[in-house]
Amino acid sequence: MAASHDVIVPAEKVRPLRRAEYDRLVGLGMLRGEKVELLYGRLVRMSPQGEAHVFSVTRLNKLLIRALGDRAEVRVQAPFGASDVSEPEPDLAIVSPGDYLNEHPGRALLLVEVADSSLQDDRRIKGPLYATAGVPEYWIVDVIARAVEVYRDPGADGYATVTHHTGNALLAVPGFEDVVVRVSDIVPPQRA
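Residues numbered from 1 in each chain as written. Predicted model: local features only at pLDDT ≥ 70, side-chain atom pairs only at ≥ 80, totals over all residues. Heavy atoms only, no water.

With respect to the environment of Y22
Okay, step 1: When you line up the elements, Y22 lands in helix 1 (residues 19-27).
Okay, step 2: Residue class for Y22 comes out buried when judged on its relative accessible area of 3%.
Okay, step 3: For Y22 and E87, which are 65 residues apart along the polypeptide, the C-alpha to C-alpha distance reads 8.6 Å.
Okay, step 4: Sequence-distant contacts of Y22, defined by excluding residues within four places in its chain, comprise L17, L31, V36, E37, L38, L43, E87 and E89. (Helix = DSSP H or I, 4+ residues; strand = E, 2+ residues; numbered from the N terminus. Buried < 20%, exposed > 50% of the residue type's maximum accessible area, 1.4 Å probe, protein only. Contact = heavy atoms within 4.5 Å.)

Have a look at this one:
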């Protein structure tokens, strides 16, 4: 007889958790102490953050807040209402100004994930999710390769355009062409 954790429940028998239900669980404190996010109706454990990850999130956050001022909100590791069954917590989100006390934003100009151990998940899981949510641009800051992957032109099948940037390449923030970010300013310095 198989152990209970070895039993596979057919996908058609599983009902996805909805965002409203997830938010209620969070509000009741049922997930306190758990590092999870809602992806495609399932609670998914979030990857732990290493120092390189924290470095890039902190640098990019500081640069974006300074450059954008009151023109947009820069949200750090905060929920994003991607769909009725997905509420990821991107490392950074640029959204329209607002208080978002009653509901998480469901639209963003830019979402950013910083990846060290999560690179494949950020490409295969988060990328398609953000594309179908209509996010016009998505960046993955790859701290290992010291590069930024930029995803544009979202559609039902994911992003149509992917570009790779390193070193002194400048990235314009969508909707704010006067705001540019140098890749080398947001990736950890190369160690000797």
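There's plenty left to go through after this.
Side note on the packing of aromatic side chains
Okay, step 1: Enumeration according to the criterion identifies five aromatic pairs in this entry.
Okay, step 2: Measuring from centroid to centroid gives 5.0 Å for Y130 and Y138, while their planes differ by 80 degrees, and the two rings are edge-to-face.
Okay, step 3: Assessed through its relative accessible area of 0%, Y138 is described here as buried.
Okay, step 4: In this structure an aromatic cluster arises from ring pairing among F80, Y130, Y138, Y151 and Y159. (Phe/Tyr/Trp six-rings, centres within 6.5 Å; stacked < 30°, edge-to-face > 60°.)

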